[in-house]
Amino acid sequence: MLTEQDQLKKLVGQEAAHYIKDGMKIGLGSGSTVYWMIKMLGERVKEGLHIEGIPSSNQTAEWAKEFGVPLTDFSKVEGLDVTIDGADEVDGNLNLVKGGGGALFREKVIAKAAKELIIIVDESKVVEKLGDFPLPVEVLPFGWEMTAAKIKELGCELTVRSKDNEVYVTDNGNYILDCQFGKIENPEMLDQELIQIVGVVETGLFTNMTDKVIVGSKDKVSLLERK
Ligand SMILES: O=C[C@H](O)[C@H](O)[C@H](O)COP(=O)(O)O
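Residues numbered from 1 in each chain as written. Predicted model: local features only at pLDDT ≥ 70, side-chain atom pairs only at ≥ 80, totals over all residues. Heavy atoms only, no water.

We now examine the pattern of salt bridges. Side chains that carry opposite charge are capable of pairing whenever their charged atoms lie near each other. Applying the stated criterion across every chain yields a total of 13 salt bridges. Put simply, E116 and K212 hold a salt bridge, and the shortest N to O gap is 2.5 Å. Taken together, the residues E116 in strand β6 (residues 114–122) and K212 in strand β14 (residues 212–216) connect sequence positions 96 residues apart. Overall, the relative accessible area of 23% leaves E116 in the partly exposed class. Salt-bridge contacts for D211 lead to R226; the nearest nitrogen and oxygen are separated by 3.5 Å. (Salt bridge = Lys/Arg side-chain N within 4 Å of Asp/Glu carboxyl O. Helix = DSSP H or I, 4+ residues; strand = E, 2+ residues; numbered from the N terminus. Buried < 20%, exposed > 50% of the residue type's maximum accessible area, 1.4 Å probe, protein only.)

Now the structure itself:
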């Protein structure tokens, strides 16, 4: 039995699959909303759609295999036509917080590699200002305590992400620091400040990258587009 939020995730995930055209190379994001998009893409592939996707996480790769979506990698393609991904927060300028599922680094790679970035969310993710959701920052394990101290100097409280009482390790073998900055006034500047800290691999701030956001709410699906 799906929760109301999951039903909205399903709705926008399925909707997004219809943006894909024959022959496209697609960046496949991560998370429970993307799951529905991949499932629907699998159905379209069975009906004859020819596409190839690059997954942003091991979980996404598994789903793609399960639903019959062909995969490729960056040794075989030069770029992507479109990337479709979820988000943890979206602001009015279509800036994003991502990485709730820990896949932010590969997600940023496939977002940057694509001609178009389409984000799929339920309405609870749309906010005026980013920052209620703690910002995930991927860091190298070596000296992560030093990296964390430098990040704290930018004005946040943080925790190292854990899972089942162990430190959570990303698909890239790194750690995630969940950073509570409060409302983020200037996401672009914060992203730049964070990325300059030695040991930071990537941040969950995706600024000036999103072209379209498909938002699912109770009575409709709406489209937000880059101004
Ligand atoms: O690392 C995970 C990703 O950034 C997800 O796209 C994000 O957390 C949204 O996930 P969901 O669709 O499950 O809410």
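Within the secondary structure layout, T210 lies in the loop between β13 (205–206) and β14. Polar side-chain contacts of T210 include one of 3.0 Å to the backbone oxygen of L94. (Polar contact = N/O pair within 3.5 Å; in protein donor to acceptor, adjacent residues only side chain to side chain.)

With that settled, consider the pairing of strand β15 (residues 221–225). Two strands pair when backbone bridges link them, and β14 and β15 are joined in this way by five bridges, in the antiparallel orientation. Bridge pairing links G216 to V221 in β15. The hairpin formed by β14 and β15 contains four residues between the paired strands. (Pairing = 2+ DSSP bridges.)

Okay, the pairing of strand β2 (residues 52–55) next. Each regular strand displays side chains that alternate between the two surfaces of the sheet. By the bridge criterion, four bridges tie strand β1 (residues 25–28) to β2 in an arrangement that is parallel. Note that in β2 the partner of I26 across the bridge is G53.

S30, S32, T33, D88 and E107 are the nearest of the 17 residues found near the ligand. In the model, an oxygen atom of the ligand is placed 2.8 Å from a nitrogen or oxygen of the G99 main chain. Contact between the ligand and G102: an oxygen atom at 3.1 Å from a main-chain N or O atom of the residue. Expressed as a share of its isolated accessible area of 380 Å², the protein-covered part of the ligand is 92%. (Near = heavy atom within 4 Å. Areas by Shrake-Rupley, 256 points an atom, 1.4 Å probe, with all protein chains shown as cover.)

What follows is about the state of the cysteines. Simply put, disulfide is the name for a covalent bond between the sulfur atoms of two cysteines. Enumeration according to the criterion identifies zero disulfides in this entry. For the unlinked cysteine C156, the closest cysteine sulfur is that of C179, found at 4.4 Å. Note on C156: relative accessible area 7%, which makes it buried. (Disulfide = S-S within 2.5 Å.)

On their own, these measurements won't tell you what the molecule is for.
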